[in-house]
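# An overview of the molecular structure
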Amino acid sequence: MLKRVLAFACLLMSLASGATAEAGRASREVTVEIVDEHGAVFQQVPTRPAGKAYRAYLQAEQGARYRIRVANRTGERLGIVVAVDGRNIISGARSDLGKGEPMYILAPWDTGEYSGWRTSLADVHEFYFTDWQESYAEAFGDRSARGVIAVAVYKEKDRQWQDAAASVMPAPAAPGSARDSAAKAERSEPGTGYGDRRDEPAVRVAFDAESRASSRVFLKYEWREALCRKAVIDC
């Protein structure tokens, strides 16, 4: 967990940026897309809107490496807490998408791409779709949000930007090899693995988030066969 400095939350700001994401996969403040290593966008099928949350199904592909692309559609800085399979992608800890968790900061109208579980300010370990028992979350026995990519958006209280000293946070534990018998029975369920190391530099900045998330995005990813069975997509 990141330390607090001078009453400001020391959070991470991605140095990555890209083109504006498609507007259809969005809350009012951000768009969220899942893209493969070549930049192709994974198919999403939105469900009925529920309050401030955007929800959709996502078609996953076995073994495919992916990045989470988030575009800020506002003229203000935003803090975004990102969780995959119920684990915060910066700290590796279990996530409830709360204000006190490590988050990335997006500048006005900027786009960030997050390609893995962060282990330092310099690098991450890549996301890839795999069977659930090989997932990062299952290494901790965490099934709280299996197969869900979630983003919570926080507005900034204090609009004055102030940099904080950069320091390297502790790396999350790498997945262990232990798997229980129940996990083996769920081979058809997808999860996200802990892949190869990748350079993805970031810096710490000060950001005082509002107490509640202003919007949330939930993407439930499934294999194509499961989406066909559920009649989510036309097969």
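Just so it is clear, the model here is predicted, and its values are computed rather than measured.

## Considering unusual backbone geometry
- We note that D85 has phi near 55°; this positive angle belongs to a residue other than glycine.
- Checked against the element boundaries, D85 lands in the loop between β7 (78–84) and β8 (87–88).
- Judged by relative accessible area, which is 0%, D85 ranks as buried.

## Looking at the side chain of Q44
- Of note, Q44 is situated in strand β4 (residues 44–46).
- A polar contact is formed between the side chain of Q44 and the backbone oxygen of V32, at a distance of 3.1 Å.
- Engagement of the side chain of Q44 in a polar contact is seen with the side chain of Y54, the distance being 3.2 Å.

## Some details on the environment of I105
- Secondary-structure assignment places I105 in strand β9 (residues 104–106).
- For the pair I105 and V205, spaced 100 residues apart in sequence, the C-alpha separation works out to 8.1 Å.

## Here's the deal with the pairing of strand β5 (residues 53–59)
- When you tally the buried positions in β5, you get five out of seven residues, the bulk of the element.
- Two strands pair when backbone bridges link them, and β4 and β5 are joined in this way by three bridges, in the antiparallel orientation. Considered in β5, the bridge of V45 is made with Y57.
- Strand direction decides the pairing type here: β5 and strand β17 (residues 215–222), joined by seven bridges, are parallel.

Procedures and definitions
- Residues numbered from 1 in each chain as written.
- Predicted model: local features only at pLDDT ≥ 70, side-chain atom pairs only at ≥ 80, totals over all residues.
- Heavy atoms only, no water.
- Helix = DSSP H or I, 4+ residues; strand = E, 2+ residues; numbered from the N terminus.
- Buried < 20%, exposed > 50% of the residue type's maximum accessible area, 1.4 Å probe, protein only.
- Polar contact = N/O pair within 3.5 Å; in protein donor to acceptor, adjacent residues only side chain to side chain.
- Pairing = 2+ DSSP bridges.

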